[in-house]
Amino acid sequence: MGLSRITMPPKIQLLAVLAFGVAMLLIENQIQRLDESRAKLERTIARHEVAEVELRHGDDDGKREAVLAHEDDAVIIYNRVPKTASTSFTNIAYDLCGKNRFHVLHINTSKNNPVMSLQDQVRFVQNVSAWREMKPAFYHGHVAYLDFSKYGVTRKPMYINVVRDPIERLVSYYYFLRFGDDYRPGLRRRKQGDKKTFDECVSSGGSDCAPEKLWLQIPFFCGHHAECWNVGSKWALEQAKYNLLNEFLLVGVTEELEDFVMILEAALPRFFRGATELYRTGKKSHLRKTTEKKPPTKETTAKLQQSDIWKMENDFYEFALEQFQFVRAHAVREKNGELYVLAQSFFYEKIYPKAN
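No experiment lies behind these values; they were computed from the predicted model shown.

Parameters at a glance
- Residues numbered from 1 in each chain as written.
- Predicted model: local features only at pLDDT ≥ 70, side-chain atom pairs only at ≥ 80, totals over all residues.
- Heavy atoms only, no water.
- Helix = DSSP H or I, 4+ residues; strand = E, 2+ residues; numbered from the N terminus.
- Expected span 1.5 Å × (residues − 1).
- Buried < 20%, exposed > 50% of the residue type's maximum accessible area, 1.4 Å probe, protein only.
- Polar contact = N/O pair within 3.5 Å; in protein donor to acceptor, adjacent residues only side chain to side chain.
- Disulfide = S-S within 2.5 Å.

Asks: Looking at this structure, how should I read helix α13 (residues 308-329)?
Replies: Residues that lie three or four places apart on an α-helix share one face, since the helix turns once every 3.6 residues. With 22 residues, α13 extends 31 Å between its outermost C-alpha atoms, agreeing within 8% with the 32 Å of an ideal straight helix rising 1.5 Å per residue. The set of residues buried in α13 consists of I309, W310, M312, E313, N314, F316, Y317, A320, L321, F324 and R328. Where α13 begins, one side-chain oxygen reaches toward the backbone nitrogen of I309, 3.0 Å away; that side chain belongs to S307.

The structure is reproduced here in structure tokens:
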């Protein structure tokens with residue numbers, strides 16, 4: 001005689017399934033909490049081991065003071081490319097400098113020339129390196145990259161910058177020269193009175209919208225070599241890429257400026273503590289916008305994109321964008337539509353020799 005099959009009412013079956021699901025969620029949650037507790041315990045043990053090593057090998061207070069002194073000797077140089085939201089970002093530094101106790105200095109060059117004479121290069125490097133009363137310092141200005149190591153400096157400043165889509169940057173600059181912006185609306189601009197649109201300029205072959213005017217972000221990163229300013233130089237493009245990777249702490253993009261600010265705050269809180277909140281809520285961060293700007297037509301954009309100069313500048317921009325997105329992917333995460341900075345993901349362990 002076979003065993004009779006025991007059947008349960010559908011409601012009881014549903015309750016059983018739900019109960020099983022809830023039980024599994026509780027178990028997974030408990031496992032996750034145990035993993036987190038284990039990780040916290042490992043970090044606590046590691047910190048305890050580090051503290052024991054410090055007690056054996058030196059004065060903890062003295063080391064803390066040395067770290068603070070190192071931070072207070074820090075220098076950031078923001079060699080800002082024109083029309084990349086540089087004023088918006090710089091205003092954040094001005095708003096934070098009092099609270100975070102650092103100095104902000106504008107590098108004002110004659111006629112906004114981004115290339116310094118050799119004697120000025122030496123003076124600038126000496127000033128930045130030896131001007132202790134101004135440290136920690138945030139320098140900003142439209143100046144091409146300058147390699148401090150060439151002048152015998154042992155501790156180089158940290159470079160940061162922001163780049164922008166080359167055509168969008170040129171269009172913004174074109175209208176800025178004619179109509180200014182809402183930052184200083186009463187200031188008379190160099191091309192004020194010229195009503196020609198950017199499309200009309202490109203169509204008529206005007207000099208203010210020529211492809212050669214796109215050549216700016218590459219030389220700003222390339223530096224003070226003569227070849228950097230030879231329009232269309234492949235060597236300059238490769239040197240600019242090299243400097244971006246090896247000499248700049250972080251290079252953001254105008255289109256993702258908030259992420260740039262967030263990563264800087266996480267990496268350099270000595271300078272940028274509170275910067276993200278200020279960017280999101282402050283008035284100055286969104287202040288400067290070029291007025292009377294008209295987006296170029298597809299025909300105008302296509303005509304500029306035929307130029308080898310655009311192809312090189314765009315190559316550099318996409319290179320910078322890829323690098324920034326790589327850094328961002330390892331620094332922040334998105335949750336419920338909001339970005340947040342990742343916590344420290346490394347710690348020290350197996351520290352020897354062990355304490356007696």
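Resuming the write-up.
Asks: Even after reading the chapter, I still don't get the state of the cysteines, so can you show me in this structure?
Replies: Simply put, disulfide is the name for a covalent bond between the sulfur atoms of two cysteines. Tallying each qualifying case throughout the model produces two disulfides. The partner cysteine of C201 in its disulfide is C209, sulfur to sulfur 2.1 Å. Measuring the twist about the S-S bond at about -100°, one finds the C201-C209 disulfide to be left-handed. Given the relative accessible area of 3%, C201 is considered buried. Shown here is the disulfide that connects C222 with C228, its sulfur atoms set 2.0 Å apart. The S-S bond linking C222 to C228 shows a torsion near -65°; that makes this disulfide left-handed. As far as burial versus exposure is concerned, C222 and C228 are alike and both buried. Counting its disulfide-bonded cysteines in sequence order, the protein shows a connectivity of 1-2, 3-4.

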